[in-house]
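Observations on the three-dimensional arrangement
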Amino acid sequence: MEQAKEKEEKKLRAKQKEAARLQAQAASDGARRSEKKQKKKGAIDENPEDFVDPDTPTGQKKLLASQMAKQYSPSAVEKSWYTWWESSQYFEVDAASSKPPFVIVLPPPNVTGALHIGHAITVAIEDAMIRWRRMSGYNALWVPGMDHAGIATQVVVERKLMRERKLSRHDLGREKFLSEVNNWKDQYGGTILRQLRTLGASLDWSRECFTMDSLRSKAVTEAFVNLYKEGLIYRDIRIGHWDCTLRTSVSDIEVDYLELKEETLLVVPGYNNPVQFGVLISFAYPLEEGLGEIIVATTRIETMFGDTAIAVHSQDERYKHLHGKYAIHPFNGRKLEIICDDELVKTNFGTGAVKITPAHDTEDFEAGKRHNLDFINIFTDDGNINENGGSQFEGMPRFTARAAVIDALKAKGLYRGMKNNEMKLGRCSRTNDIVEPMIKPQWFVNCNTMAKAALDAVKSKEIEIIPPQYEQDWYRWLENIRDWCISRQLWWGHRVAAWYVTLEDDEEKDMGSYIDHWIIARNENDAILEAEERYPGKKYQLDQDPDVLDTWFSSSLFPLSIFGWPDDTADLSTFYPTSVLETGLDILFFWVARMVMLGILMGCDVPFQKIYLHPIIRDAHGRKMSKSLGNVIDPIDVINGITLEGLQKKLEQGNLDPDELEKAKEGLKDFPDGIPECGTDALHFALISYTSQSDKINLDIKRVHGYRQWCNKLWNAIRFAMIKLGDQYTPPTTVVVDSMPPVCRWILSVLNKSVGKTVSSLEAYKFSEATSSIYSWWQYQLCDVFIEAIKPYFNDSQEFEAARGASRDTLWLCLNTGLRLLHPFMPYVTEELWQRLPQPKEACRKDSIMISEYPSAVQEWENDQVENEMEIVLDAVSKLRSLRPPTDIHERRPSFVLCRNLEIAATVQCYQAQFATLASVSSLKILTEDDPSPPGCATNIVNKDLAVYLQLRGALNTEAEHEKLRKKREEVQKQHDTLSQKMNASGYREKAPQSKQGDDMKKLASLFEELEIISEAESKLDANN
């Protein structure tokens, strides 16, 4: 009895509390209605300052205007929030936290300059992930960093020096040049950090790092030394891509391939005139013993100075008599043995005889090793012919020598002609120079065992690749892996931790002459100690290898080094391995696979549990973005907007040569009026919504701007809500959904579905599905339906008092939940709008939306019955609206709904107010089958149980109505025939489940009934007109 009494008293107190709240709200409504009347009379004038946000001191919470601006402005909304978030330390995490960790490492952008739109998609996706997880109760860490980008940075600074001061790096010397690069890094590194903040990236800036800072450098040295001690790093002479402009080897990712179909003239750095490519040149080598000559063909005639043999196929009858014989080099007298190599030679290509240049061709290099040939390098590091070209050609640039060799062969009567030749030509993406295959002593990593571990990690699902189709690329690359060349002949980068000992009594004094004279050590002191131990009592000179390590080497250690490895830190034990690696699919091998290889070996665990690969962004026409095409998009220009003149000026201030500049300016035709201001939120949302595309995104700025317009829709929804809620509104701590009007129950139910779909999509890394779910709910259900449907409740009628209160509570619930649902994708506008929402007095309100709780499904909100009912209503409303003549869309006309059963009639009756409001009709009358058809009406069939009529007396076009019904008949007849054909097909009755057959039978009967209803409507149309 006592418990029952307490329960009743509790209920009574709750009712009294709710009554008081409603009474206060009613008073607010009365005051607001009075104010509205005064405004209509012109008694109160708006003060423009009430709509302008006051200036907010940096780092403090944004001060908001007393009134919401009438239009959404990205620049106004996005001002001040970020500095407050950062100063409030919302982005920072503690390794000692009891929350489960969720960790992402930002792929470190190159320090070479400004971010581009490819970085923007990375930021948008990763920020969405980290904000969602942070709101979901995780210790969410997102680590920022920058990459020193060895080649890219050195190229930019060298160009700048040459353009501004006419100096090369060699003119300055190593130390002064590195000082110039550091100045560049400080200048542009700051630009990148500002851009990341503008993009809203909620990074933990307390952990910001740089791949060449002291801690990262320590990790790189440690890894190099450890790999060497384990026998995985070695030094060897191999062939690779050489850039003669930079005087360094370059990796595959830095080489672009041109597909040439025929003779093509190309501009090459360092040459005044275009150089000829895409031709096959034939010439003759004289044979010894008076045997005549042998004709060979080549695309690189200048490399003949390095020829050391001629290969033929063992079964080629034309050359069997020459096996083991020799040709004589016409310029230096070198004897070239004629050898058989069936692996290299194709009898149907060229002459069937192939000149072999082991030091300057990848296939020839392998042939040289097979046949123990001499390897003769004929080029200097800057691409000139060296002493092996003889006095006639020594010192000539390689492509100048190309023409000179042809002339010399003609003079000797050995030139045999030229023809077009399809070929792939490698070009360095950094300098545009033609890469030259060259043999050089380099440091290599043996990748075999590490690659197997990386393969097994994916096969065992220890690492999951998303989307899964890229697993095959992973397997293909790692199953065919080659040893990794990690040294570069640059000055900017991590110096190789290797010292060379030159002994006083060494015959050869050049660095590297003796492979066993190398010492691998963490620093020079350790190297000296080892040298003294290895060579006791001997005089020696110790020099560090001038080379630096491949940038990818330090980048591959990033998931370890950012947490303090090789030291055993709290961060390392808490945050390694990370949760997910999100990046572009173009560096799956060059960076991602190498992180996995080194992470497993050095960190004893995979560096991340999932790999999410986003598509590569191209322009609206599907072209790769390139500065020379003028189609590279700066995300800051999309956020702030920029004029066409501004775009042109940015191109002029770049590093393009005059020809490239003109071509780039032509590429700006896609932006005849510049780029409109879109804001960060619209850019984020658009880029994430694009991820449904498989491997490429054709970015259209118009789509981004469309989402900026959508932000205005959100803005207006909140403005409407603030007016309807009133200044005195206090949200309830709990709501009783069952007592609400059906339209309120419907919007909460579909919101619940959207929440569930969004969360499940985020968990499955289907980001575009998450944005689609949120957009659909806000746009098509909240704004287009609910907000319109509840407007009649807010007139002065006492009839709707209860519905008005329920609508307010529902509206507040929707906006509070919907803004939190949207926040990870649109952080700025959601923060600003959420801050304006009233909060329950008894609730412990978080200070920012970004640290509030992410929505989860509420079981009490789920209501499939109401959703089904509203689906019928909305379908009928759509059909009714389609009947309205385009000439009088603002005129409200009488309407009728024909219900063929009581259940449908009850549904329409229940939603009659929403029906009339959404369809914009003057009246709505429910008819039964016994009622006569209303005259002068256009009609539309909703389904077999429901038809709608709109009165158009005097405006009814009978012919048009007949045509409409005819099209509807065709549509339904087609569905009927298709289903009937399927049901009558052979094997249907035996194979289809009984439940499926039953459903199909009901559907067929329903379609037949609908055809009869259309026939009836046609007859009535004729009778009434």
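See above for the structure.
Residues numbered from 1 in each chain as written. Predicted model: local features only at pLDDT ≥ 70, side-chain atom pairs only at ≥ 80, totals over all residues. Heavy atoms only, no water.

**With respect to the pairing of strand β17 (residues 423-428)**
Stated precisely, the cut-off is as follows: Each residue is placed in one exposure class: buried if its accessible area under a 1.4 Å probe, protein chains only, is under 20% of its type's maximum, exposed if it is over 50%, and partly exposed if it falls in between. Strands are runs of DSSP state E lasting at least 2 residues, helices are runs of H or I lasting at least 4, and numbering of each runs from the N terminus. Two strands make a pair as long as DSSP finds a minimum of two bridges between them.
Taking burial as the measure, the 6 residues of β17 include 5 buried ones, the bulk of the element. Relative to β17, strand β7 (residues 255-260) runs antiparallel, the two being bridged by 6 bridges. Across the sheet, L260 pairs through a bridge with M423, a residue of β17.

**Thoughts on the nonpolar core**
Short version of the rule: For the purposes of this section, nonpolar cores are sets of buried Ala, Val, Leu, Ile, Met, Phe, Trp, Tyr and Cys residues that join through side-chain atoms within 4.5 Å. Note on contacts: a residue pair qualifies if any of its non-hydrogen atoms lie within 4.5 Å across the two residues.
By size, the foremost hydrophobic cluster in this structure holds 160 residues, and its most contacted members are L699, W778, F825 and F915. Dropping the residues within four chain positions of it, W778 is found in contact with W710, L714, C783, L815, G818, L819 and L822.

**Focus: the sheet that holds strand β32 (residues 937-943)**
This is how the line gets drawn: Angles here are taken between N-to-C directions and fall from 0 to 180 degrees, while the axes themselves are lines fitted to C-alpha atoms, restricted in helices to the stretch in contact.
Here 4 strands make up an open sheet; going across it, the order is β31-β30-β33-β32 and the pairing mixed. Both edges of this open sheet fall to β31 (923-927) and β32, since each of them pairs with a single strand only. Neighbouring strand axes in the sheet, compared pairwise and without regard to direction, differ in orientation by 20 degrees on average. As defined by bridge partners, strand β30 (residues 894-899) adjoins β31 across 5 bridges and the pair is classed as parallel. What sits directly across from F896, in β31, is K925. Strand contacts of helix α27 (residues 864-881): β30, β32 and β33 (946-951), with the helix running at about 35 degrees to β33, the strand carrying the most contacts.

**Topic: the packing of aromatic side chains**
What counts, and what does not: We call Phe, Tyr and Trp rings a pair once their centres come within 6.5 Å, taking the six-membered ring for Trp, and we label the pair stacked below 30 degrees between planes, edge-to-face above 60, and tilted otherwise.
Applying the stated criterion to the full structure yields 35 aromatic pairs. Measuring from centroid to centroid gives 6.4 Å for W552 and F590, while their planes differ by 35 degrees, and the two rings are tilted. On the criterion of sequence distance, the pair formed by W552 in helix α14 (residues 551-556) and F590 in helix α17 (residues 588-603) is long-range, its members being 38 residues apart. According to the relative accessible area criterion, F590 is buried, its value standing at 15%. Geometrically, the ring pair formed by Y765 and F767 is edge-to-face, given 5.9 Å between the ring centres and 85 degrees between the ring planes.

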